[in-house]
Amino acid sequence: MRHGITLFTSDRGIRPEVAASTAESRGFDSFYVPEHTHIPIRRESAHPGTGNETLPDDRYMRTLDPWVALGLAAAVTSTIKLGTSVALPLEHDPITLAKTIASLDHLSGGRVNFGVGFGWNAEELADHGVPPKKKRTAMRQYLEAMQALWTEEEASYEGDFVAFGPSWAWPKPVQQPRPPIFLGAGSTDRNFDWIVRHADGWITTPTENNVVDNVARLHKAWADAGRAGTPEILALAGRHDAEQLKIWEDAGVTEVIFGLPDRAQDDVVAYIGRLASKLDH
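Residues numbered from 1 in each chain as written. Predicted model: local features only at pLDDT ≥ 70, side-chain atom pairs only at ≥ 80, totals over all residues. Heavy atoms only, no water.

1. Thoughts on the environment of Ala46
Put simply, the rule is: Strands here mean DSSP runs of E at least two residues long; helices mean DSSP runs of H or I at least four residues long; both are numbered from the N terminus. In what follows, a contact means two residues having at least one pair of non-hydrogen atoms within 4.5 Å.
One can find Ala46 in the loop between strand E2 (30-33) and helix H2 (66-75). Setting aside residues up to four positions removed in sequence, Ala46 forms contacts with Gly51, Asn52, Glu53 and Trp120.

Spelled out as structure tokens, the structure:
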């Protein structure tokens, strides 16, 4: 089972390249960052953690661009995977986003993990012109169009939400036919069906409280659909708990991602060191 780090990047605290290089030097396998372009002040969307319109953390309104942050991390690391937990593709032009991700995968030597989410904040998505009842279809089409640009010599795509005629687009990602795609979402049948059809694995939500049973459900759905092997399971963790980690590993969790505290740089560096020691890195 792999071990990763996720940093809720913001304009304060530890810089992403410092966190990523520290994590790599202490033996962690991956480094993840989230995405929000903005947070509308007036909104009705309930945050999954608080259950209402309040936010659990003011970093939601201070989040750095994930691809800029990961570009900085790529420049100072050489082996650690660089991912999003999660990015919001529907808040981008898919042709431009395909270029960004392909460039990062090319320059990093094939180290991008593409964690995606539908987006819990309906008002944020609406400001980007995303129809709330069509976001699953739009996400599928965006990813299909991006993969066409990543794999085809003369790429084209025709859909309701993205369309373009025969086009050239380089660089291609090192990872073919695409960087791995992981959906960060709740453990519903609908989400698991989407993962089985369109992704390579699942990122649990911070509020997921039944990882073992839901991994078994996703494994069954995967096998029933005739997909080879088993899906990647990336479980978000709080404090280190050796007993829980063993249970998760036995259940089929392939990677555990630990969140970093919102503290000064020296404190976070020390925290990564202590966590690495507990994991025998």
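Next comes the rest of the description.
2. Topic: the packing of aromatic side chains
Stated formally: Within 6.5 Å between ring centres, the rings of Phe, Tyr and Trp (the latter by its six-membered ring) count as paired, and their orientation is classed by plane angle as stacked under 30 degrees, edge-to-face over 60, tilted in between. Classification of residues uses two cut-offs on accessible area relative to the type maximum, computed with a 1.4 Å probe and protein chains only: under 20% is buried, over 50% is exposed, and between them is partly exposed.
The tally for this structure, following the rule as stated, stands at five aromatic pairs. Between Trp67 and Phe114, the aromatic rings sit 6.0 Å apart at their centres with planes inclined by 65°, giving edge-to-face as the arrangement. Of the two residues, Trp67 is situated in helix H2 and Phe114 in strand E4 (residues 112-116); the sequence distance between them amounts to 47 residues. Taken individually, Trp67 and Phe114 each receive the classification buried, so the pair is uniform in this respect. With a centroid separation of 5.0 Å and an interplanar angle of 75°, the aromatic rings of Phe192 and Trp202 are classed as edge-to-face. Remark: Trp202 occurs in strand E8 (residues 201-203) and Phe192 occurs in helix H6 (residues 189-198); sequence separation between them is 10 residues.

3. A short note on the nonpolar core
For clarity, the cut-off: We define a nonpolar core as any set of buried Ala, Val, Leu, Ile, Met, Phe, Trp, Tyr and Cys residues linked to one another through side-chain atoms lying within 4.5 Å.
Residues Phe28, Phe31 and Phe114 are the most contacted members of the largest nonpolar core, which totals 70 residues. Among the nonpolar cores identified, the runner-up in size contains six residues, and Tyr32, Phe182, Ile203 and Leu234 belong to it.

4. As for the pairing of strand E1 (residues 2-6)
What counts here: DSSP bridges decide pairing: two strands pair if at least two such bridges lie between them. Throughout, right-handed denotes a crossover for which the path from the first strand over the helix to the second runs clockwise when the strands point away from the viewer.
Counting buried positions along E1 yields four of five residues, so the element is predominantly enclosed. The pairing of E1 with strand E10 (residues 255-259) spans five bridges and is classified as parallel. In the strand pairing of E10, Thr6 is matched with Gly259. Both E1 and E2 contribute to a ladder of three bridges, which runs parallel. When the sheet's bridge partners are listed, Thr6 is paired in E2 with Tyr32. Chirality of the crossover, the property in question, places the unit of E1, helix H1 (residues 16-25) and E2 among those that are right-handed.

5. Structural notes on helix H8 (residues 242-251)
Condition: Pairs of N or O atoms within 3.5 Å make up the polar contacts considered here, provided that, within protein, one atom can donate a hydrogen while the other can accept it, and that residues adjacent in sequence are counted only when both atoms are side-chain atoms.
The backbone nitrogen of Glu243 has a side-chain oxygen 3.2 Å away, supplied by the residue at the start of H8, namely Asp241. Following H8 by one or two positions, Gly252 has its phi on the positive side, about 115°.

6. Some thoughts on the pattern of salt bridges
Note the threshold: Salt bridge criterion: a side-chain nitrogen from Lys or Arg within 4 Å of a carboxyl oxygen from Asp or Glu.
Tallied over the entire structure, the rule returns 15 salt bridges. Of the charged contacts, one joins Glu255 and Arg2 as a salt bridge, the two residues approaching to 2.9 Å between their closest N and O atoms. Of the two residues, Glu255 is situated in strand E10 and Arg2 in strand E1; the sequence distance between them amounts to 253 residues. The exposure class of Glu255 is buried, given its relative accessible area of 2%.

7. With respect to the environment of Val162
Position of Val162 relative to the elements: it lies in the loop between strand E5 (155-158) and strand E6 (163-167). Those residues in contact with Val162 that lie beyond four places of it in its chain are Pro94, Gln141, Tyr142, Ala145 and Tyr157.

8. Some words on the side chain of Glu91
Checked against the element boundaries, Glu91 lands in the loop between strand E3 (81-84) and helix H3 (94-108). Among residues more than four places away in sequence, those in contact with Glu91 are Thr37, Glu124, Leu125 and His128.

9. Looking at unusual backbone geometry
Going from Trp170 to Pro171, the amide bond is cis rather than trans, its omega being 5°. Locating Pro171 in the fold gives a position in the loop between E6 and strand E7 (181-184). In this structure, the amide linkage connecting Gln176 to the following residue, Pro177, adopts the cis form with an omega of 5°. Summarising the element assignment, Pro177 is placed in the loop between E6 and E7. For Asp280, which is not glycine, the phi dihedral falls at a positive 65°. Structurally, Asp280 can be placed in the segment after helix H9 (265-278).

By themselves these figures say nothing about function.
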